[in-house]
Structure formats: C-alpha cells, structure tokens
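Each chain, written out:
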Amino acid sequence: AINYFEENYPNGYFLMIEGAHIDKSNHSNNIMNMIKYMDEFDNSIELAYNMLIDDIDVCFIITADHESGDLGLAENVDEITDELYGSTDHTAKDVYYFIYQKDNEDLMQIPEQIDNTDIFDISSKLLDIKENKIA
C-alpha cells in the first residue's frame, strides 16, 4: 500500500492499517492468536516506519478503537493462557495511543486522555497543517 500511495499520490495521503484479527481473537478469548496478530501488527508498523522515516511530513498514530476481552495480566510466561480473559465483549477500559511525527514543531498539543473519535479530528488537523505548509 505504501509503495502504491508513494507512487500515485506524491502530494500526500492518509493510510490506515487495522489489526482486526487482534479484536476477533480477543472476542473469542484466544490469547495465542491475539499474540500472533499483535506481533504481525507490530511488524507492519515497523515496516511502515522504516519505509517512511526519512519523510519529514510523516506522522504515525497508533491506537485501538476499544478494548475487548477484559484481558488480565500474567505475572509469568506460564500464566499466559486463555484463562486471562474476563469477557468476550467490548469493555470500558481505556486504550493507549501513540503519536510520532519526525518534525513535531507543528504537532498540536494533544491531551493525555482522548476519546477514540478524537483521532479523526487529530488527523484532520494534521492534514490541515500540511496543507498550510504547502500553500
């Protein structure tokens, strides 16, 4: 996808990569699949980062739209089992987000806690900042 967009949209683009199978694995309380798909998602982010890190106008926003499975924490590797799940549904637990921009002088101040729907507003503002730089 990155190669396609880089070739066909030289003035910029928005790319969203979703790890839907992470959510599906949590809904079915399958921790080993969830770990596998989290690792694949991590590899996707690393690949995108390595391909785009030299681009001054790149911004990465990494988050989840919700938590599902009510996953507990294991104290050691032997405790990593499906028994860590407390639900097969979405929960009200907060999820973390991470934002990285190489040249962050224009990155607006974003509060520590946001609503998942704020990602749209943040993305729109970042795109507007880029447009204003070009204009």
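Provided above is the structure to which this section pertains.
Residues numbered from 1 in each chain as written. Predicted model: local features only at pLDDT ≥ 70, side-chain atom pairs only at ≥ 80, totals over all residues. Heavy atoms only, no water.

Student: Tell me what's going on with the overall build of the protein chain, and back it up with residues and numbers.
Tutor: Each helix and strand in the protein chain was counted, giving 4 helices and 2 strands. The 135 residues of the protein chain split such that 21% are buried. Partitioning the intrachain contacts of the protein chain with sequence separation of at least 6 by distance along the chain shows that 57% fall at a separation of at least 24. (Helix = DSSP H or I, 4+ residues; strand = E, 2+ residues; numbered from the N terminus. Buried < 20%, exposed > 50% of the residue type's maximum accessible area, 1.4 Å probe, protein only. Contact = heavy atoms within 4.5 Å.)

Student: Pulling in residues and values, what's your account of the packing of aromatic side chains?
Tutor: In the structure shown here, the tally under the stated rule is 6 aromatic pairs. Here the aromatic residues Tyr4, Phe5, Tyr9 and Tyr13 are joined through ring pairs into a cluster of three or more. (Phe/Tyr/Trp six-rings, centres within 6.5 Å; stacked < 30°, edge-to-face > 60°.)

Student: So what's going on with a nonpolar patch on the surface? Which residues, and what values?
Tutor: Where nonpolar side chains cluster on the molecular surface, the patch consists of Met32, Ile35, Val77 and Ile80 and spans about 370 Å² of accessible area. Along the polypeptide, Met32 turns up in helix H3 (residues 31–52). The exposure class assigned to Met32 is exposed, which follows from its relative accessible area of 53%. (Patch = residues over 30% accessible without salt bridge, like charges linked within 9 Å, V, L, I, M, F, W, Y side chains within 5 Å. Areas by Shrake-Rupley, 256 points an atom, 1.4 Å probe, with all protein chains shown as cover. Salt bridge = Lys/Arg side-chain N within 4 Å of Asp/Glu carboxyl O.)

Student: Describe the nonpolar core, listing the residues and the values that go with them.
Tutor: Counting 7 residues, the largest nonpolar core is built from Ile22, Ile31, Met34, Phe41, Ile45, Leu84 and Tyr85. Counting residues per element, this core draws most heavily on H3, at 4 residues. When residues no more than four places from it in sequence are discounted, the contact partners of Leu84 are Ile31, Asp70, Leu71, Gly72, Leu73, Ala74 and Glu79. The next biggest cluster of nonpolar side chains, apart from the first, holds 5 residues, and it includes Ile2, Leu52, Val58 and Phe60. (Core = buried A, V, L, I, M, F, W, Y, C linked by side-chain atoms within 4.5 Å.)

Student: Lay out unusual backbone geometry with the relevant residues and their values.
Tutor: If you check the backbone angles, Asn29 has positive phi at about 55° while not being a glycine. Tracing the backbone shows Asn29 in the loop between helix H2 (20–27) and H3.

Student: Lay out the layout of surface pockets with the relevant residues and their values.
Tutor: Here the second largest pocket defines a volume of roughly 390 Å³. Broken down by class, the residue content of the lining of the second largest pocket amounts to 8 nonpolar, 5 polar and 6 charged. (1 Å grid on protein atoms, 1.4 Å probe; cavity = no way out; pocket = protein on both sides within 12 Å on 5 of 7 lines; lining within 4 Å. Points joined across faces, edges and corners; volume = space filled by probe spheres on them. Nonpolar A, V, L, I, M, F, W, Y, C, P; charged D, E, K, R; others polar.)

Student: An account of the packing of H2 against H3 is needed here, citing residue identities and associated values.
Tutor: The geometry of H2 relative to H3 is characterised by a closest axis approach of 8 Å and an angle of 165° between their N-to-C directions. Here H2 is positioned roughly antiparallel relative to H3, judged by the angle of their axes. Between H2 and H3 lies a crossing of left-handed hand. Between H2 and H3, the residues in contact are His21, Ile22, Ser25 and Asn26 and Asn33, Met34, Tyr37, Met38 and Phe41, respectively. (Axes fitted to C-alpha atoms, helices over the stretch in contact; angles between N-to-C directions. Parallel < 35°, antiparallel > 145°, perpendicular 65-115°, else oblique. Left-handed = near helix turned anticlockwise from the far one by under 90°.)

Student: An account of the side chain of Ser87 is requested, with residue identities and associated values reported.
Tutor: Within the secondary structure layout, Ser87 lies in the loop between strand S1 (59–63) and strand S2 (97–101). Within the local environment of Ser87, its side chain forms a polar contact with the backbone nitrogen of Asp89, the two atoms lying 2.8 Å apart. Excluding residues within four positions of it along the chain, Ser87 makes contact with Asn26, Asn29, Gly69 and Asp70. (Polar contact = N/O pair within 3.5 Å; in protein donor to acceptor, adjacent residues only side chain to side chain.)

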